[in-house]
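# Working through the structure, step by step
Residues per chain, in single letters:
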Amino acid sequence: MEQEPLISNKSHVDYGSQYLLSSAVAQDVSGPYHLPNTEPTAPPMELVDNVTGAESDGSRDCGKNSLPAQVDLLSQGKHNDSTSQQNEWSIPPISEHEAREAFLEYAASKCCYRTAPAKHMVVQNLTACNTYRYRLKTFTENRETYPASEPYNGGFVDSPDVAEPPAPWEIEVDAPPLFTDCEMHFPVPHTYSVQSCPNCHGSGKAQCTRCTGSGKVCCSSCNGSGWQSVSTTSDISSGFCTFCGGSGQTRCFHCYGRGWVHCARCNGRGLLLYHSELTIIWKNNSAEYVVDNNCGFPIDRFHEVTGKEILCDENVLVNPLRSFPEPEIVRGSESCIATHKMQFASEMRILRQKQTVELIPLTRVEYEWKGKSDSFYIFGNEKKVYAKDYPAKCCCLVM
């Protein structure tokens, strides 16, 4: 079925975490995972307070033909859904005292803002504009192999003649905790071979870069002229350079006059031990969708704050929400899930998905100060303030 396009004033952002867990930490975590499961649900309309909204199938399969069947972590299971109780679905309205305190703290944090408006403003109206944020997290695993080499110092070579090399997805490893970024590297068994070093062509020697193979460098005493000034009590005369004997060149101390050094890649052995290295990247990919209730607040600022989680559904593959009271969240879940399926299902393995819905507090405060009316917003559990125009700014002079 063709999906309904999203409204242009909605926020739909994909991003991934930029921080990696070290392999030492990740390898201490055992797997696979066995998680409880239930079917996804959404709350009835009458349980939601202070949120404006408009109108209000089965599991989707993201199987990858190019990947093996998923094991315990990816085996069949029902949805694990957690929703807040009825008395937790409403957000208490902000008081005039809380609005004044938040505005005062905001003004005090700005070096050029005077606190007089926050202290002496007359609050005229408090309007609740609470909204929803849908967030989808898709935990993926990607495997690729790359050639690697090291100096060969002799010994047993685990070549393909010993046994057939395993495919990348046949190698068993312990996964990191769910929804945690991690990168690990493993040598692939039975892929080793010994070959000549391409840098020195198997000789173990490389041309000295300091003397370009001549074994001699310019004399630092006479700058290559072969002459140097000799001072006496009565006169200054020139003579042969005693340091280079008049040749203008001295022995290269980097290669001891040989013109070559040991090859750095093979340590002078002339041979390299090649193998395939498996790189596994676990990544927590995230997409979110925020309902814009057109109250004049820039919805991109919501990434700075948290809200009250009212729905959490986790499974190997989650289903789009079907009966949520806010229809924009329903359409947002369909779009995010379809986007992640298109991005990740064909090239990597989806290990787990989790979708959540937050109710984010947002209050528009209208006030008057010195006969002029203005407004600001208080948003998030952190009660942050957004004011497009502050009425009392001072000029900072930089000396």
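Read on for an overview of the structure. As the structure is a prediction and not an experimental result, all values here were calculated from the model. (Residues numbered from 1 in each chain as written. Predicted model: local features only at pLDDT ≥ 70, side-chain atom pairs only at ≥ 80, totals over all residues. Heavy atoms only, no water.)

## What about helix 4 (residues 327-344)?
- Taking 1.5 Å of rise per residue, 18 residues should cover 26 Å, and helix 4 covers 26 Å from first to last C-alpha, within 8% of that figure.
- Counting buried positions along helix 4 yields 14 of 18 residues, so the element is predominantly enclosed.
- Near the N-terminus of helix 4, the side chain that reaches the backbone nitrogen of Glu328, with its oxygen 3.0 Å away, is that of Glu326. (Helix = DSSP H or I, 4+ residues; strand = E, 2+ residues; numbered from the N terminus. Expected span 1.5 Å × (residues − 1). Buried < 20%, exposed > 50% of the residue type's maximum accessible area, 1.4 Å probe, protein only. Polar contact = N/O pair within 3.5 Å; in protein donor to acceptor, adjacent residues only side chain to side chain.)

## With respect to the side chain of Glu326
- With respect to the secondary-structure elements, Glu326 resides in the loop between strand 14 (308-315) and helix 4.
- Nearest to the buried, unbridged Glu326 among oppositely charged side chains is Arg331, at 5.8 Å.
- Polar side-chain contacts of Glu326 include one of 3.0 Å to the backbone nitrogen of Glu328. (Lys, Arg positive; Asp, Glu negative; His and termini not counted. Salt bridge = Lys/Arg side-chain N within 4 Å of Asp/Glu carboxyl O.)

## Details of the sheet that holds strand 16 (residues 362-369)
- The four strands lie next to each other as 3-16-17-18, forming an open sheet whose pairing is antiparallel. The open sheet terminates on both sides in strands that have one partner only, identified here as strand 3 (122-128) and strand 18 (384-386). Across this sheet, the average inter-strand angle for adjacent strands is 25°, counted without regard to direction.
- When strand 3 meets strand 16, the two strands line up antiparallel, connected through six bridges. Within strand 16, the residue paired with Asn125 across the bridge is Glu366. (Pairing = 2+ DSSP bridges. Axes fitted to C-alpha atoms, helices over the stretch in contact; angles between N-to-C directions.)

## Let's talk about the pairing of strand 17 (residues 372-379)
- Pairing of strand 16 with strand 17, which is carried by eight bridges, proceeds in the antiparallel orientation. The residue of strand 17 that forms the bridge with Glu366 is Ser375.
- Here strand 16 hands over to strand 17 after two residues, with Lys370 in that stretch at a positive phi of 55°.
- Looking at chain direction, strand 17 and strand 18 are connected through three bridges and run antiparallel. Across the sheet, Tyr377 pairs through a bridge with Tyr386, a residue of strand 18.
- Once strand 17 ends, the chain turns through four residues before running back antiparallel as strand 18, passing Gly380 with a positive phi of about 80°.

## So, the nonpolar core
- Of all hydrophobic cores here, the largest spans 19 residues; its most connected members are Phe103, Tyr106, Phe376, Ile378, Val385 and Tyr390.
- Tallying contributions element by element places helix 2 (residues 96-108) first for this core, with five residues.
- Sequence-distant contacts of Tyr390, defined by excluding residues within four places in its chain, comprise Phe103, Tyr106, Ala107, Tyr113, Arg114, Thr115, Pro117 and Ala118.
- Val318, Phe324, Val330 and Ile337 belong to the second-largest nonpolar core, a separate cluster that totals 18 residues. (Core = buried A, V, L, I, M, F, W, Y, C linked by side-chain atoms within 4.5 Å. Contact = heavy atoms within 4.5 Å.)

## Here we look at the pattern of salt bridges
- Applying the stated rule across the entire model yields ten salt bridges.
- One salt bridge connects Glu304 with Lys384, and the closest N-O pair in it is separated by 3.9 Å. Linking Glu304 in the loop between strand 13 (271-290) and strand 14 with Lys384 in strand 18, this pair joins segments that are 80 residues apart in sequence.
- Via salt bridges that share partners, Arg301, Glu304 and Lys384 belong to a single interconnected network.

## Details of the packing of aromatic side chains
- Across all of its chains, the model carries 17 aromatic pairs by this definition.
- Taken together, a centroid distance of 6.3 Å and an interplanar angle of 85° make the contact between Phe302 and Phe379 edge-to-face. Taken together, the positions of Phe302 in the loop between strand 13 and strand 14 and Phe379 in strand 17 put the pair 77 residues apart, joining distant regions of the chain.
- On the basis of relative accessibility, which here comes to 1%, the residue Phe302 falls in the buried class.
- Accessibility expressed as a relative area gives 1% for Phe379, which makes it buried.
- Here Tyr377 and Tyr386 contribute two aromatic rings whose centre-to-centre distance is 6.3 Å and whose plane-to-plane angle is 35°, an arrangement assigned as tilted.
- Using a relative accessible area of 17% as the deciding quantity, one classes Tyr386 as buried.
- Through successive ring pairs, a cluster of aromatic residues spans Phe103, Tyr106, Tyr113, Tyr367, Phe376 and Tyr390.
- When the ring centre of Phe179 is taken as origin, the NZ or CZ atom of Lys354, which lies over that ring, is 5.1 Å away. (Phe/Tyr/Trp six-rings, centres within 6.5 Å; stacked < 30°, edge-to-face > 60°. Lys NZ or Arg CZ within 6 Å of the ring centre and 35° of its normal.)

## Quick notes on the state of the cysteines
- Tallied over the entire structure, the rule returns zero disulfides.
- The closest cysteine sulfur to the non-disulfide-bonded Cys211 is located on Cys255, 3.6 Å from its own sulfur.
- On the accessibility criterion, Cys211 (3% relative accessible area) is buried.
- Between Cys241, a free cysteine, and Cys244, which holds the nearest cysteine sulfur, the sulfur-to-sulfur gap is 3.6 Å.
- Take Cys241: its relative accessible area is 1%, and that puts it in the buried class. (Disulfide = S-S within 2.5 Å.)

## Section: the pairing of strand 15 (residues 349-360)
- The buried fraction of strand 15 is high, at eleven of twelve residues.
- Pairing of strand 4 (residues 131-151) with strand 15, which is carried by eleven bridges, proceeds in the antiparallel orientation. Each bridged residue has a counterpart across the sheet, and for Arg135 the counterpart in strand 15 is Thr356.

## Some words on unusual backbone geometry
- We note that Asn294 has phi near 55°; this positive angle belongs to a residue other than glycine.
- Of note, Asn294 is situated in the loop between strand 13 and strand 14.
- A positive phi angle is found at Lys383, which is not glycine, with a value near 55°.
- Relative to the helices and strands, Lys383 resides in the loop between strand 17 and strand 18.

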